[in-house]
Amino acid sequence: GMHSHPHHAKVAPRFCKQYAQVGPTVIEAIRNYCDEVRGQVFPHDKYAPYRIGEQDLEQFAESLARRGLHVAAEAAASASGMAANKEEHRKHGE
């Protein structure tokens, strides 16, 4: 929490009251989130019900490439291909 770091304990006004030490909980939650994103566990279809259209995704990838963000552009283009494959499977009831 704010008061757990020595610097914050020194600069926090005396009238501030600490109701909980949530710092370690927040840090653990952020680490778990990062682990799931790196492990490609999250986001998943369950947590991402919205879909970007194929044309919008292609424009997004092109925009990233124009800005020099080539790795991100390649990832977006790859997602575009994956989205197209998923849609094709849905159409055929697979």
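About the thresholds
Residues numbered from 1 in each chain as written. Predicted model: local features only at pLDDT ≥ 70, side-chain atom pairs only at ≥ 80, totals over all residues. Heavy atoms only, no water. Helix = DSSP H or I, 4+ residues; strand = E, 2+ residues; numbered from the N terminus. Buried < 20%, exposed > 50% of the residue type's maximum accessible area, 1.4 Å probe, protein only. Expected span 1.5 Å × (residues − 1). Salt bridge = Lys/Arg side-chain N within 4 Å of Asp/Glu carboxyl O. Phe/Tyr/Trp six-rings, centres within 6.5 Å; stacked < 30°, edge-to-face > 60°. pLDDT = per-residue confidence, 0-100. Arc of directions from axis to C-beta.

Peer 1: Explain the overall build of the protein chain to me, and be specific about the residues and the numbers.
Peer 2: If you tally the helices and strands in the protein chain, you get 4 helices and 0 strands. N-terminal to C-terminal, the α/β element order of the protein chain is α-α-α-α. Classification of the 94 residues of the protein chain by burial places 10% in the buried group.

Peer 1: Give me helix α2 (residues 23-38): which residues, what numbers.
Peer 2: Here α2 spans 22 Å end to end across 16 residues, near enough to the 22 Å set by a 1.5 Å rise per residue. At the exit of α2 stands glutamine 40, carrying a positive phi of roughly 60°.

Peer 1: I'd like to hear about the pattern of salt bridges, residue by residue, with values.
Peer 2: In the structure shown here, the tally under the stated rule is 1 salt bridge. When the shortest N-O distance is used, the salt bridge between aspartate 45 and arginine 51 registers 3.1 Å. For aspartate 45, a relative accessible area of 35% gives the class partly exposed.

Peer 1: Could you give an account of the packing of aromatic side chains, naming the residues involved and the relevant values?
Peer 2: The full count for this structure, using the stated rule, is 2 aromatic pairs. Seen in terms of ring centroids, tyrosine 33 and phenylalanine 42 are 6.0 Å apart; in terms of plane orientation they differ by 65°. Their pairing is edge-to-face. Classification of tyrosine 33 by relative accessible area gives partly exposed; the value is 47%. What makes phenylalanine 42 partly exposed here is its relative accessible area of 25%. Each member of the aromatic cluster is reached from another via a ring pair, and the members are Tyr33, Phe42 and Tyr47.

Peer 1: Tell me what's going on with unusual backbone geometry, and back it up with residues and numbers.
Peer 2: Note the cis peptide between phenylalanine 42 and proline 43, where omega equals 0°. Within the secondary structure layout, proline 43 lies in the loop between α2 and α3 (54-66). A positive phi angle, near 60°, is found at glutamine 40, a position not held by glycine.

Peer 1: Tell me about the confidence of the model for the protein chain, and name the residues and values.
Peer 2: Summary statistics for the protein chain give a mean pLDDT of 80 and a share of 74% for residues scoring 70 or more. When pLDDT is averaged over each element of the protein chain, α2 comes out on top at 94 and helix α4 (residues 70-91) at the bottom at 69.

Peer 1: How would you sum up α3? Please name residues and give values.
Peer 2: A turn of α-helix holds 3.6 residues, and therefore any two residues three or four places apart point the same way. In this model, α3 (13 residues) spans 18 Å end to end at C-alpha, consistent with the 18 Å of a helix rising 1.5 Å per residue. Those residues of α3 not exposed but buried are Leu57, Ala61, Ser63 and Leu64. In a view along the axis of α3, the buried residues occupy a sector of 160°, so they form one face of it. Exposed side of α3, more than 90 degrees from the buried face: Gln55 and Arg66 are the residues found there.

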